Structure formats: structure tokens, C-alpha cells
Amino acid sequence: MRGMTAPTELLDDPLPAEPLAIAARWLAQALHEHRQPNPNAMMLATSTRQGVPSARVVLCKEIIADPGYVVFYTNYLSRKGRELQDNPRAAAVLHFDAQHRQVRIEGVVEHTPQADSDAYFASRALASRVGAWASAQSEPLQSREQLLAAVAAITTRFGVSGDDGLVPRPPHWGGYRLWAEAVELWVEGAARIHDRARWVRSLQRARDGQLECGPWSATRLQP
Ligand SMILES: Cc1cc2nc3c(=O)[nH]c(=O)nc-3n(C[C@H](O)[C@H](O)[C@H](O)COP(=O)(O)O)c2cc1C
């Protein structure tokens, strides 16, 4: 019951220097309390080279506060994968409805290191690993039978029997890191006087290809 929950703690004043540690704490709390079915569901917006936006839900697998990125996994050849190839920028939203909190993240995406994708893929349920091979995500499908036939073919190909089978990670499936250039935290306040703040920093590609992050600067915003 809404009226029985303790009021959500507002953001500190002055604002903390670093926002993603707070976001990571909020995610951990939402996962722990599990008061919504998928507390780590994250709306992910991408856009084409021409700036036409699209959005969908993915699961936020990690928030790494330092150096500051969030991780999700998907098919690199999907619609979102193709859009991120053409325009490697994204915006994401986590909504912790039960805790009356929202996190917005905007920034630059890059593939996670292959070893991380391998490790995460290996930890997934067998059906998910088979599905990653069988589904050419975002491509047209003639019928549901076509997909079930693809699942059966992959099961045979990798010699899956029962709950067992060595299914390697498909090369077109893996993680992305969304490196935060801006983070906004929102907390529901009493009488609709919500609390809201935005942190921004520079992100620059160094000569060795690594992203270099500047210091965060924070501003409280009118809700
Ligand atoms: C709760 C929930 C979690 C989802 N998690 C993922 C995910 O982690 N990765 C993914 O590729 N798709 C996930 N999906 C499916 C996506 O929303 C989407 O349908 C799919 O990725 C294809 O999107 P695209 O055609 O824009 O690339 C999830 C959907 C829901 C409703």
C-alpha cells in the first residue's frame, strides 16, 4: 500500500559529487526488495544517423559507478544494434516505481570486451543461449513454426540433450557499455514537490581509443 511506505529519502544538499554510485545503490535496493517484476528493466533509446529515435526495454545488468557506465546485452545485428553502429549514442531510463525514483543516463556506447560477453553468456540459461543463436532479432519471421524449427536445428547442431549442452556465444551477441556523459536522478517528493538533479561531465576519446572522463558537475533542477 502506497500510504504505508516510508517517504523516499531526498538527494543530499549540497549534491553528492558522483551520481552513479547512488544509481547503483538504488538498483541494488530495487533488486533486493523486488517489488516490481523486473526492477532492472531499462528503457533504451537509440536513433538512426538521421536522428529518428526508437526505444525499447533491455535489462540493465550492471551499473559501474567508477569509471561510470551501465551494461546491457543484446544482438549486435538487431535494430538497436544497427542504430548504435550508425550512431553510437544512447539514452536510458530506469524507473524504480515502488521506490519512487527515476534514473536517466545519456552518453556514448561501445561493445563490452569479448571476455565479459563470453562470461555473461556462459552464465545464461541453456534456453537463452539457444535462443540467441536461433533468433535473428528484429528480422521478419514467416511464422512461429519457423522460429521453433530454428531452435530445433540449433539444439541438434550443438548436441544439446536435456538441460545440458555446450552452446558458445554467437559472434553477433554481446554487451554494450553506455558511458555516462549525463546522469539525472529524480526522487518523488511530498505534495508533488519532487527532487531532481543533473550531473554532466566530458567524455573524450584518447589516442589509445579509451574514453577519458572529466569530473562531474552537478545542478539541482526544477522538477
Ligand atoms: C522486461 C523486458 C526485458 C528485456 N530485456 C532485453 C534485453 O536484455 N536484451 C534484448 O536484446 N532485448 C530485451 N527485451 C526485448 C526488447 O525490448 C526488444 O523487443 C528487442 O531487444 C528488439 O529490439 P530492437 O528491434 O529495437 O533491437 C526485453 C523486453 C522486456 C519487456
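Let me begin by describing the structure that accompanies this report. (Residues numbered from 1 in each chain as written. Predicted model: local features only at pLDDT ≥ 70, side-chain atom pairs only at ≥ 80, totals over all residues. Heavy atoms only, no water.)

1. As for the layout of surface pockets
- Taken as a whole, the largest pocket encloses approximately 310 Å³ of empty space.
- Lining of the largest pocket is provided by 16 residues; of these, Tyr 73, Thr 74, Arg 124, Gln 137 and Trp 173 occupy positions nearest its centre.
- When contributions to the lining of the largest pocket are tallied by element, the ones reaching two or more residues are strand 2 (53-59), strand 4 (69-75) and helix 4 (126-134).
- Among the residues making up the lining of the largest pocket, the classes are represented as seven nonpolar, six polar and three charged. (1 Å grid on protein atoms, 1.4 Å probe; cavity = no way out; pocket = protein on both sides within 12 Å on 5 of 7 lines; lining within 4 Å. Points joined across faces, edges and corners; volume = space filled by probe spheres on them. Helix = DSSP H or I, 4+ residues; strand = E, 2+ residues; numbered from the N terminus. Nonpolar A, V, L, I, M, F, W, Y, C, P; charged D, E, K, R; others polar.)

2. A short note on the side chain of Thr 112
- With respect to the element layout, Thr 112 can be found in the loop between strand 6 (101-111) and helix 3 (114-123).
- Within the local environment of Thr 112, its side chain forms a polar contact with the side chain of Ser 117, the two groups lying 2.8 Å apart.
- If near-sequence neighbours (up to four positions away) are discounted, Thr 112 is found in contact with Val 71, Tyr 73, Tyr 76, Ser 117, Gly 175, Tyr 176 and Arg 177. (Polar contact = N/O pair within 3.5 Å; in protein donor to acceptor, adjacent residues only side chain to side chain. Contact = heavy atoms within 4.5 Å.)

3. As for the site of the ligand
- The local shell around the ligand consists of Asn 38, Arg 56, Val 57, Val 58, Leu 59, Tyr 73, Thr 74, Ser 78, Arg 79, Lys 80, Gln 137 and Ser 138.
- Between an oxygen atom of the ligand and a side-chain N or O atom of Arg 56, the distance comes to 2.8 Å.
- Within the side chain of Lys 80, one N or O atom sits 2.6 Å away from an oxygen atom of the ligand.
- Summarising the interface, the protein chains cover 64% of the accessible area of the ligand, which totals 620 Å² for the free molecule.
- Residue assignment for the shell around the ligand shows that the elements contributing at least two residues are strand 2, strand 4 and helix 2 (79-86). (Near = heavy atom within 4 Å. Areas by Shrake-Rupley, 256 points an atom, 1.4 Å probe, with all protein chains shown as cover.)

4. Focus: helix 1 (residues 20-33)
- Look at helix 1: 20 Å from first C-alpha to last across 14 residues, which is about the 20 Å you get at 1.5 Å a residue.
- All buried positions along helix 1 are accounted for by Leu 20, Ile 22, Ala 23, Trp 26, Leu 27 and Ala 30. Taken end-on, helix 1 shows its buried residues confined to a sector of 150°, consistent with a single buried face. Opposite the buried face of helix 1, by more than 90 degrees, sit the exposed residues Arg 25 and His 32.
- Check the buried side of helix 1 and you find it contacts strand 3 (62-64), strand 4, strand 5 (89-96), strand 6 and strand 7 (173-187). (Expected span 1.5 Å × (residues − 1). Buried < 20%, exposed > 50% of the residue type's maximum accessible area, 1.4 Å probe, protein only. Arc of directions from axis to C-beta.)

5. Some remarks on the side chain of Thr 74
- Inspection of the secondary structure assignment puts Thr 74 in strand 4.
- A distance of 3.2 Å separates a polar atom in the side chain of Thr 74 from a polar atom in the side chain of Gln 137.
- Once residues lying within four places of it in the same chain are set aside, the contact partners of Thr 74 are Lys 80, Gln 137, His 172, Trp 173, Gly 174 and Tyr 176.

6. Re the environment of Ser 138
- Residue placement: Ser 138 occurs in the loop between helix 4 and helix 5 (144-157).
- A relative accessible area of 45% means that Ser 138 is categorised as partly exposed.
- Setting aside anything within four residues of it in sequence, one finds Ser 138 in contact with Ser 78, Arg 79 and Arg 82.
- Of the polar contacts made by the side chain of Ser 138, one reaches the backbone nitrogen of Arg 79; its length is 3.0 Å.

7. Side note on the pairing of strand 8 (residues 195-200)
- In this sheet, strand 8 lies alongside strand 7 in antiparallel orientation, the contact comprising six bridges. Bridged to Leu 185 within strand 8 is Ala 197. (Pairing = 2+ DSSP bridges.)

8. Remarks on the state of the cysteines
- Under the criterion given, the structure shown has zero disulfides.
- Lacking any disulfide linkage, Cys 213 is separated from the closest cysteine sulfur, that of Cys 60, by 17 Å. (Disulfide = S-S within 2.5 Å.)

9. Describing the pattern of salt bridges
- Considering all chains together, one arrives at 14 salt bridges under this definition.
- Residues Arg 79 and Glu 83 are paired through a salt bridge, measuring 3.1 Å at the closest nitrogen-oxygen approach. Linking Arg 79 with Glu 83, this pair stays in helix 2, spanning four residues, or about one helical turn.
- On the accessibility criterion, Glu 83 (6% relative accessible area) is buried.
- Close ionic contact of Arg 198 with Glu 106 constitutes a salt bridge, the shortest N to O distance being 3.2 Å. On the criterion of sequence distance, the pair formed by Arg 198 in strand 8 and Glu 106 in strand 6 is long-range, its members being 92 residues apart.
- Put simply, Arg 104, Glu 106, Glu 184, Arg 196 and Arg 198 are held in one network by salt bridges that share partners. (Salt bridge = Lys/Arg side-chain N within 4 Å of Asp/Glu carboxyl O.)

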